[in-house]
Amino acid sequence: MKKKIKILDEQFKKNKAQYFIQCLMATTAVMIILLTIDTMFKEVMIASFGATSFSVFAMPHNRTSRTRSVMGGYAIGITLGILLRLLAGYVFAQSGLHWIFDVTGAAAVGFSLLVMTMTNCEHPPAAGLALGLVLQGYHTESLLIISASVMIILVIKHLLRHWLINLY
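The rules behind these values
- Residues numbered from 1 in each chain as written.
- Predicted model: local features only at pLDDT ≥ 70, side-chain atom pairs only at ≥ 80, totals over all residues.
- Heavy atoms only, no water.
- Helix = DSSP H or I, 4+ residues; strand = E, 2+ residues; numbered from the N terminus.
- Buried < 20%, exposed > 50% of the residue type's maximum accessible area, 1.4 Å probe, protein only.
- Contact = heavy atoms within 4.5 Å.
- Patch = residues over 30% accessible without salt bridge, like charges linked within 9 Å, V, L, I, M, F, W, Y side chains within 5 Å.
- Areas by Shrake-Rupley, 256 points an atom, 1.4 Å probe, with all protein chains shown as cover.
- Salt bridge = Lys/Arg side-chain N within 4 Å of Asp/Glu carboxyl O.
- Core = buried A, V, L, I, M, F, W, Y, C linked by side-chain atoms within 4.5 Å.

Caption draft 1: Spotlight on unusual backbone geometry. Despite not being glycine, Asn-120 has its phi angle at roughly 55°, a positive value. Counting through the fold element by element, Asn-120 comes out in the loop between α5 (100-118) and α6 (124-136). Note on Asn-120: relative accessible area 35%, which makes it partly exposed.

Caption draft 2: Seen up close, the side chain of Thr-64. Within the secondary structure, Thr-64 sits in the loop between α3 (39-58) and α4 (67-95). Thr-64 gets classed as buried once you look at its relative accessible area, which sits at 17%. Non-local contacts of Thr-64, meaning those with residues more than four positions away in its chain, are made with Ser-55, Ser-69, Val-70, Glu-122, His-123 and Pro-124.

Caption draft 3: Spotlight on a nonpolar patch on the surface. Residues Ile-5, Ile-7 and Leu-8 make up a contiguous nonpolar surface patch of roughly 390 Å² in combined accessible area. Along the polypeptide, Leu-8 turns up in the segment before α1 (10-14). Residue classification places Leu-8 among the partly exposed residues on the basis of a relative accessible area of 46%.

Caption draft 4: Main features of the nonpolar core. One finds Phe-49, Phe-57, Tyr-74, Ile-78, Ile-146 and Ile-153 to be the most contacted residues of the largest nonpolar core, which totals 25 residues. Of all the elements in the fold, those that place two or more residues in this core are α2 (16-36), α3, α4, α6 and α7 (140-159). Per-element tally for this core: the top contributor is α4, with six residues. Counting residues in hydrophobic clusters, the runner-up holds five residues, among them Phe-12, Tyr-19, Ala-58 and Leu-167.

Caption draft 5: Broad picture of the pattern of salt bridges. In this structure the tally under the stated criterion is two salt bridges. We note a salt bridge from Glu-10 to Lys-13, for which the minimum N-O separation is 3.6 Å. Highlighted residues: Glu-10 and Lys-13, both in helix α1, separated by three residues, approximately one helical turn. Take Lys-13: its relative accessible area is 46%, and that puts it in the partly exposed class. Its salt-bridge partner being Arg-63, residue Glu-122 comes within 3.2 Å of it at the nearest N-O pair. In this pair, Glu-122 sits in the loop between α5 and α6 while Arg-63 sits in the loop between α3 and α4, placing the two residues 59 residues apart along the sequence. The class of Glu-122 is buried, set by a relative accessible area of 17%. Relative accessible area serves as the criterion here: at 41%, Arg-63 is assigned to the partly exposed category.

Have a look at this one:
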C-alpha cells in the first residue's frame, strides 16, 4: 500500500492565520533591524538575525528560542568573535598568513558551540555571528546594534508569548 505524501503540515491547515501572522512578525522585525543598520554592518549580522527571527517566531517555545538561549548565545558569540578576531589580527600582523582568519573563524564556531552547550545557552545563529565577527571584523556601533536588535526581537516575543505557537 502506498503512503500518501503530505506536502502541507497538518498544523498549518488548522492554524493558517497564525502561520501567516507569525511569519509577518518575523519579516517586520528583520525589516526594522535592516532599515536601522548601516550597510557596512549588514554582512556580519544579516544571516544571524534572519536565523534568530526564524527561531523566535517559527519555534517560540523551542529551547534555542528561550530568552536565556538567545541572549546568552549572542553574548557568547560576540565575546568569542571579538577575542578570536583580535587573536587572528595579531597572528596575521606577525606572520602575514591570511588563512589564519579562516582557521580562527572555524575555532570561533567550535568554541561558541562548546561554551553555549556548557552553559545551556544554545542559539545556533549566534555561532554564525561569531564566525562573521572573526572574518569581517566589527565596530563598537555594530555591537550596540546587535545587542539592541536582539532585544527588539525578544521584546516582541515576550509581548506575544501567550499567543505565539510553534509552527512545526
